[in-house]
Amino acid sequence: MGKYWNEEIECMSREDMKKLQSERLVKQVKHVWDNVPYYRKKMEEKGVTPDDVKGIEDLHKLPFLTKADLRECYPYGLLATPLKDCVRIQSTSGTTGKRVVAFYTQHDLDLWEDCCARAITAAGGTDEDVCQVCYGYGLFTGGPGLNGGSHKVGCLTLPMSSGNTERQIQFMRDLGSTIICCTPSYAAYIGETVKEMGLTPDDLKLKAGIFGAEPWTEEMRREIEKSLGLKAYDIYGLTETSGPGVAFECEEQTGMHINEDNFIAEIIDPDTGEVLPEGSKGELVFTSITKEAFPLLRYRTRDICILSREKCSCGRTLVKMTKPMGRSDDMLIIKGVNVFPSQIESVLLKMSNATPNYQIIVDRVNNADTFEIRVELNDDMLSDTVKSIEELEKKISNDIHSILGIKAKIRLVEPKSIPRSEGKAVRVIDNRKLH
Amino acid sequence: MTVKQLSVFIENRPGRLSAVTRILGDAQVNIRAMSLADTKDFGILRLIVDDCEKAAATLKENGFSVTATQVLAVKINDRPGGLADAMKALYDDNISVEYMYSAFINTEDNTAYLILRVENVSSAQVALSDAGFFLTSQEELSGI
């Protein structure tokens, strides 16, 4: 097996790639126009018909799609194939109206797994490898995506899912895992556990790790590489576009190659929506040109990054994106889970009968995210016993956990103690310095 | 007969207790008894004061969270076993105490005052009265 999973595509000339993207885009626009009334309406509102889109140079004529559209269309509103042709559903981690449900035909799954196979191959994976997938399985795309990619490559695949770290390490030793796939924070935790168990990287056979689903820094990369004795590769994706594998890192480790035969990437000004020239920093927008069931045209990821077409030493010609450098909305990624401050507000008001005056404090201690929510107390929440206040904190904590799927430390604070800026409380303090 | 106790939520950071007591002092409110229940992150300051309404209003104006609870102020004899007698009266009637703290001692008639928080206030009142204990009213407390 070679250096590339699909050399023809991954090393295709810019001209040929543009031609391929154009053909696929034209076909995709017609597909959604014919099959998704919501899209047709959006296009009509902008005065665009499929006849106006003759190639990727016309992409900018199409309307944007946002998470709000996805919510409005939940669950079937953007489905472009009959439901009976769909074979899989995956979903984002968030809930309460923020949930995104993505549909896949068998063809879509094949393409997605193919993208993941490219990522594994770029990390040096072949059918000789033992690939331990410790991303969560289930609705979350991490586990199923890499699992499928690993099968395609022909690796011996260990579908471990996350958690039970000592057992993970036991399997790594007993079965000689050479590749692991998980979130970078979990990789760091595995590294610490290896040390705590009195082992060193020499006791393991790991050579590569494919880590994604949350922001991480170069410092963290070096730490993980040292603690596990492997080379760490970044991977990017979002449920809306399929899952991990939209973009992947090669051995150069200087950004992620976007699978342009499946996804057209644009960088826009988040405020004006104007397309920015290559090399500019702005919001990443994806158009999926091969998906059948759930194709997204000009989907605004809200991730801020830069695209680069500088020649890559790996030989791939696929455009590279930097690690996301921030968000153009207020979404936070905490412990790999997407968190919107508005979700917390809604839990406090609707479930916990608490005040909506809160502040989220996120930090990273020993490479793991800490998540604290301070909530201002009011007279109705107060009682004369410590026990009942602690019960209230516990109730809020459980309510948050049931909606977000992650635990937060709840800390009740005095009324008006959360700093206000121009009358509005400062909602988020992120001390992680990820960007 | 019950008295009103104010509970004030106080975060564990320097200067908070000082702020509460200063605010009450400036408002000419006299504290008759108090106890502080504390945890790692916060405390609840429980107060018996001579003017409940004024104290609560002033604290709220200053941004504190305040709640009022009915508690019992029991007069007991200031002698060994005095408290034990009161506890026995409650125990005999199967009444559990949530918390309690001592108020002040009256040296003139050798009595002490005890603030009691129980789950069932009315049955505690009956139990204590039947056992011969005197329960102080709000007015009496303010006058002491």
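Residues numbered from 1 in each chain as written. Chains lettered and ligands numbered in written order. Predicted model: local features only at pLDDT ≥ 70, side-chain atom pairs only at ≥ 80, totals over all residues. Heavy atoms only, no water.

## Details of the packing of helix H5 (residues 106-122) of chain A against helix H6 (residues 142-153) of chain A
Two measures define how a pair of helices packs: the angle their axes make with one another and the distance between the axes. All names here are of chain A. For the pair H5 and H6, interaxial distance at closest approach is 7 Å and the crossing angle is 70°. Between H5 and H6, the angle is such that the two are roughly perpendicular. Contacts from Asp110, Trp112, Glu113, Asp114, Cys116, Ala117, Ile120 and Thr121 of H5 reach H6 at Pro144, Gly145, Leu146, Gly148, Gly149, Ser150, Lys152 and Val153. Residue classes in the contact of H5 with H6 are distributed as seven nonpolar, five polar and four charged. (Axes fitted to C-alpha atoms, helices over the stretch in contact; angles between N-to-C directions. Helix = DSSP H or I, 4+ residues; strand = E, 2+ residues; numbered from the N terminus. Parallel < 35°, antiparallel > 145°, perpendicular 65-115°, else oblique. Contact = heavy atoms within 4.5 Å. Nonpolar A, V, L, I, M, F, W, Y, C, P; charged D, E, K, R; others polar.)

## Here we look at the pairing of strand S1 (residues 3-11) of chain B
Residue and element names in this part refer to chain B. Within S1, eight of the nine residues are buried, which leaves the element mostly enclosed by the surrounding structure. Inspection of the sheet shows S1 paired to strand S4 (residues 66-77) by six bridges, in the antiparallel sense. In the sheet register, Ser7 faces S4, and the bridge partner there is Thr67. Where S1 lies against strand S3 (residues 42-49), six bridges are found, and the strand directions are antiparallel. From the neighbouring strand, Leu6 faces S3, where its bridge partner is Leu47. (Buried < 20%, exposed > 50% of the residue type's maximum accessible area, 1.4 Å probe, protein only. Pairing = 2+ DSSP bridges.)

## A short note on the packing of aromatic side chains
All names here are of chain A. Per the stated rule, a full pass over the model turns up ten aromatic pairs over all chains. An aromatic cluster is defined as three or more aromatic residues linked by ring pairs; in this entry it consists of Tyr76, Phe103 and Phe294. Above the ring of Trp216, the side-chain terminus of Arg221 is found at 5.6 Å from the ring centroid. Taking NZ or CZ as reference, Lys291 lies 4.6 Å from the ring centre of Tyr104, over its face. (Phe/Tyr/Trp six-rings, centres within 6.5 Å; stacked < 30°, edge-to-face > 60°. Lys NZ or Arg CZ within 6 Å of the ring centre and 35° of its normal.)

## A few points about the interface of chain A and chain B
Each partner contributes to the interface: chain A provides 18 residues, whereas chain B provides 23 residues. Interface area, chain A with chain B, both sides summed: about 1700 Å², of which 52% is carbon and sulfur. For the interface between chain A and chain B, the tally reads five salt bridges. There are eleven residue pairs in polar contact (both at pLDDT 80 or more) connecting chain A and chain B. Residue assignment for the side of chain A that touches chain B shows that the elements contributing at least two residues are helix H11 (386-404) and strand S19 (409-413) of chain A. (Buried area = accessible area lost by both parts, 1.4 Å probe. Salt bridge = Lys/Arg side-chain N within 4 Å of Asp/Glu carboxyl O. Polar contact = N/O pair within 3.5 Å; in protein donor to acceptor, adjacent residues only side chain to side chain.)

## Comments concerning the domain arrangement of chain A
All names here are of chain A. Each domain of chain A was delimited in the assignment, giving domain 1 (7-329) and domain 2 (333-430). Between domain 1 and domain 2, the C-alpha centre-to-centre distance is 31 Å. In this complex, domain 1 contributes 16 residues to the contact, which on the side of domain 2 involves 14 residues. Between domain 1 and domain 2 we count zero salt bridges in total. Connecting domain 1 to domain 2 are three residue pairs in polar contact (both at pLDDT 80 or more). Of all the secondary-structure elements, those providing two or more residues to the side of domain 1 that touches domain 2 are helix H8 (184-196) and helix H9 (218-228). Sorting elements by how many residues they give to the side of domain 1 that touches domain 2 places H8 first, with three residues. Partitioning the side of domain 1 that touches domain 2 into residue classes produces five nonpolar, five polar and six charged. (Domains from an automatic or database assignment.)

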